[in-house]
Amino acid sequence: MLTSQSLYRRWRPQRFSEVIGQDYTVKTLQNAVAQGRLHHAYLFAGPRGTGKTSVARIFAKAVNCEAPREGEPCNECPACQRIGRGISLDLLEIDGASNRGIDQIRQLREEVNFVPAEVKYKVYIIDEVHMLTNEAFNALLKTLEEPPRRVIFIFATTEPHKLPPTVASRCQAFEFKNIPPELIARKLQEISKAEGIKVSPQALRAIARRAKGSFRDAEVLLEQLASYKSEARIEEEDLLQLLGLPREEVLAEYLRACLARDASAALEIIARVSEAGKDPELFLEGAVELCRDWLIARLGKGEESALPELEFSNDELVFLSDRLLELKRELRFLLDKRIVLEVGTLRIIEGLKGLERKGSGNPARPRAKPEQAPQPPAPPAEPDEKWRLMLEEIKQERVAVYAFLAEGRPSFREGRLCIEYGPDYRFHKESLEKAENRSFLLEMVRKFYGDLAVEIGFAAHAPAGADQKKTQLRQKVELIKRSFHGRLVG
Ligand SMILES: [Zn+2]
């Protein structure tokens, strides 16, 4: 049964081994404590709800613990207990977003040189540090330039780029990552079992997906649902109700209607969704996500179950995905969202009509068995494992860029990386050259190859696997692209 204390607080990790999804950071910090190699200042950067302040508190305990084991706090000695109960002199938490920030920093500057003798390390955690005023940063910087002994700063932020470089450069930085849904679901299951919360596995997975990497958000959702259902089992439907989200089947139906160029079916689904009181924006967000899942599944990653029938080509999915995303952005600023959704859907379907259908020549064809697995990327001519690894990572981060890149052929010439396309791949080449995609690509190339110029061009010969049918498709995509102001990938 739920008590008055929230799940989030009750299940806050108390030792490094209980933290999920931040293995590298946690291992490094734990080793540092075990070996007594401590820095004066740490920067914990990452999205909300990923464990920054929890890890900071565990760290504060670990450095002050009287009986640490391999860098883990014992959670039993007086120092651990005091920190656990929030009454310790060893730890001071400052909220950078509160108005008291500057006063607290001033106070910090005064007391930082007089650490009580009974304290091993005085740890200052400054949360949302990027919110501090310039005045506060300057005060802080003075302290960081001549750090007093036995004082450790931990700065936590969701927006590290807003930190003055003078402050950031004095810290050892750790990146906290979004927690993968599988890990969230597994932990939620453990929690609900211990708390006697009945919840279906589907609901747990749906909560984990909804939380988008934030474990705290997942716990809050679970708690809300548990208090709403009391003794009854929580089902996926309850979550959808709570959030006003449409069911996945409805989203899939909508995507299929669009891909089948069936305007009246698509409008009918929108009408149903609106009449059920669902938010058009959330509906569209769900559709964008599902379309992206399909695309990822088609490109060889992701859950089996997310695979739609294969009568749609990658180009159709990329097109739809891109248009829906654009429509979603538009929708945000407009009042009559339902009408915008309807008109936008019609526009998308018109656009799709210009694209050749997969297995063309027989548009009315019912479900077809896939003739062929999706084309694998052209084998790299000279480069190597690195290229493959880079594509893997790009696929995870920007699936559309991956789709364009996978059709190109890499080679190294005179310290340049050349990515070449056959004459029919103008569309891919140009999409990749768009500023946003190009800078993303350059960033990834830098990460994997170091400083290397990148050239995107046409090859003298078409890459293997390009056939006539593809040529026709590219030409049509070309046409569509022109009629839609040349934008395809956002
Ligand atoms: Zn202890």
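All figures in this text were calculated on a predicted structure; none of them were measured in a lab.

Participant: A description of the overall build of the protein should follow, citing residues and the corresponding values.
Facilitator: When its secondary structure is counted, the protein shows 21 helices and eight strands. In the protein, which comprises 490 residues, the proportion classed as buried is 48%. Residue pairs in contact within the protein that sit at least 24 positions apart in sequence constitute 75% of those at least 6 positions apart.

Participant: Residue-level account of the packing of helix α12 (residues 248–259) against helix α15 (residues 314–332), with values.
Facilitator: To characterise two packed helices, one gives the angle between the axes of the helices and the distance between these axes. Across the interface, α12 lies against α15 with an axial gap of 11 Å and an inter-helix angle of 115°. Comparing their axes, α15 and α12 come out roughly perpendicular. In terms of crossing hand, the pair formed by α12 and α15 is right-handed. Contact with α12, carried on its side by Tyr254, Leu255, Cys258 and Leu259, involves Glu316, Leu317, Leu320 and Leu324 of α15 and no other residues of that element.

Participant: Run through the nonpolar core, naming residues and quoting values.
Facilitator: Core analysis: the biggest nonpolar cluster contains 58 residues, and Tyr254, Leu324, Met390, Leu405 and Leu441 have the highest contact counts within it. In terms of domain composition, this core takes at least three residues from each of domain 3 (248–354) and domain 4 (385–483). What leucine 405 contacts, discounting residues up to four positions off in sequence, is Trp387, Met390, Leu391, Ile394, Ile419, Tyr421, Leu432 and Leu441. Core analysis: the next-biggest nonpolar cluster, separate from the first, contains 25 residues, Ala41, Leu140, Phe155 and Val167 among them.

Participant: Account for the sheet that holds strand β7 (residues 416–421), with residues named and values stated.
Facilitator: By way of backbone hydrogen bonds, the strands of a sheet pair with one another, either parallel or antiparallel. With mixed pairing, three strands are arranged side by side in an open sheet as β6-β7-β8. Of all the strands in the sheet, the pair left with one neighbour each is β6 (409–413) and β8 (453–458). Averaged over all adjacent pairs, the angle separating strand axes in this sheet is 25°, with direction ignored. Bridge count for β6 against β7 is five bridges, and the pairing is antiparallel. Looking at the pairing, arginine 409 lines up with glutamate 420 of β7. Packed onto the sheet, helix α20 (residues 435–449) meets β6, β7 and β8 and runs at close to 125° relative to β8.

Participant: So, the coordination of the zinc ion: which residues are in play, and what are the values?
Facilitator: At 2.3 Å from the zinc ion lie its protein donor atoms, namely Cys65 (SG), Cys74 (SG), Cys77 (SG) and Cys80 (SG). Classification of the site at the zinc ion as tetrahedral follows from its four donor atoms and the range of 99 to 121° in their angles at the metal. Along the chain, the residues donating to the zinc ion are arranged with the sequence spacing C-x8-C-x2-C-x2-C. In this pair, cysteine 65 is assigned in the loop between α3 (52–64) and α4 (78–85) and cysteine 77 in the loop between α3 and α4, connecting sequence segments 12 residues apart. In terms of burial, cysteine 65 and cysteine 77 fall into one category: buried.

Participant: Residue-level account of the sheet that holds strand β3 (residues 122–127), with values.
Facilitator: In space, the five strands of this open sheet follow the order β2-β3-β4-β1-β5, with parallel pairing throughout. Strands with a single pairing partner mark the edges of an open sheet, and in this sheet they are β2 (91–95) and β5 (172–175). This sheet shows a mean twist of 15° between the axes of neighbouring strands, independent of strand direction. As judged from the five bridges shared by β2 and β3, these two strands associate in the parallel manner. Each residue of the ladder has a partner; that of aspartate 95, found in β3, is aspartate 127. Relative to β5, helix α2 (residues 23–35) is tilted by about 145°, and along the sheet it contacts β1 (41–45) and β5. Contacts between α3 and the sheet are confined to β1, β2, β3 and β4 (151–157), with β3 contributing the most and set at about 175° to the helix.

Participant: Quick one: what's the story with unusual backbone geometry, residue by residue and with numbers?
Facilitator: Positioned with a positive phi, asparagine 75 is a non-glycine residue whose angle comes to about 65°. Of note, arginine 150 is a non-glycine position whose phi angle comes to about 60°, a positive value. Within the secondary structure, arginine 150 sits in the loop between α6 (134–145) and β4. In this structure arginine 150 comes out as partly exposed when scored by relative accessible area, which is 29%.

Participant: Could you give an account of α2, with specific residues and numbers?
Facilitator: Spanning 13 residues, α2 covers 18 Å between terminal C-alpha atoms, matching the ideal 18 Å at 1.5 Å per step. Taken residue by residue, α2 has Thr25, Val26, Leu29, Gln30, Ala32 and Val33 as its buried positions. Looking down the long axis of α2, one finds its buried residues gathered within 160° of arc, a one-sided arrangement. Along α2, exposed side chains directed more than 90 degrees from the buried face belong to Asp23 and Tyr24. Packed against the buried residues of α2 are β1, α3 and β5. Immediately downstream of α2, the backbone of glycine 36 shows phi near 65°, a positive value.

About the cut-offs
Residues numbered from 1 in each chain as written. Predicted model: local features only at pLDDT ≥ 70, side-chain atom pairs only at ≥ 80, totals over all residues. Heavy atoms only, no water. Helix = DSSP H or I, 4+ residues; strand = E, 2+ residues; numbered from the N terminus. Buried < 20%, exposed > 50% of the residue type's maximum accessible area, 1.4 Å probe, protein only. Contact = heavy atoms within 4.5 Å. Axes fitted to C-alpha atoms, helices over the stretch in contact; angles between N-to-C directions. Parallel < 35°, antiparallel > 145°, perpendicular 65-115°, else oblique. Left-handed = near helix turned anticlockwise from the far one by under 90°. Core = buried A, V, L, I, M, F, W, Y, C linked by side-chain atoms within 4.5 Å. Domains from an automatic or database assignment. Pairing = 2+ DSSP bridges. Donors = N, O, S within 2.8 Å, 3.2 Å for Na, K, Ca; no water. Tetrahedral: all angles 85-135°; square planar, octahedral: opposite > 155°, others 65-115°. Expected span 1.5 Å × (residues − 1). Arc of directions from axis to C-beta.

Function cannot be read off these values alone, since they describe shape.
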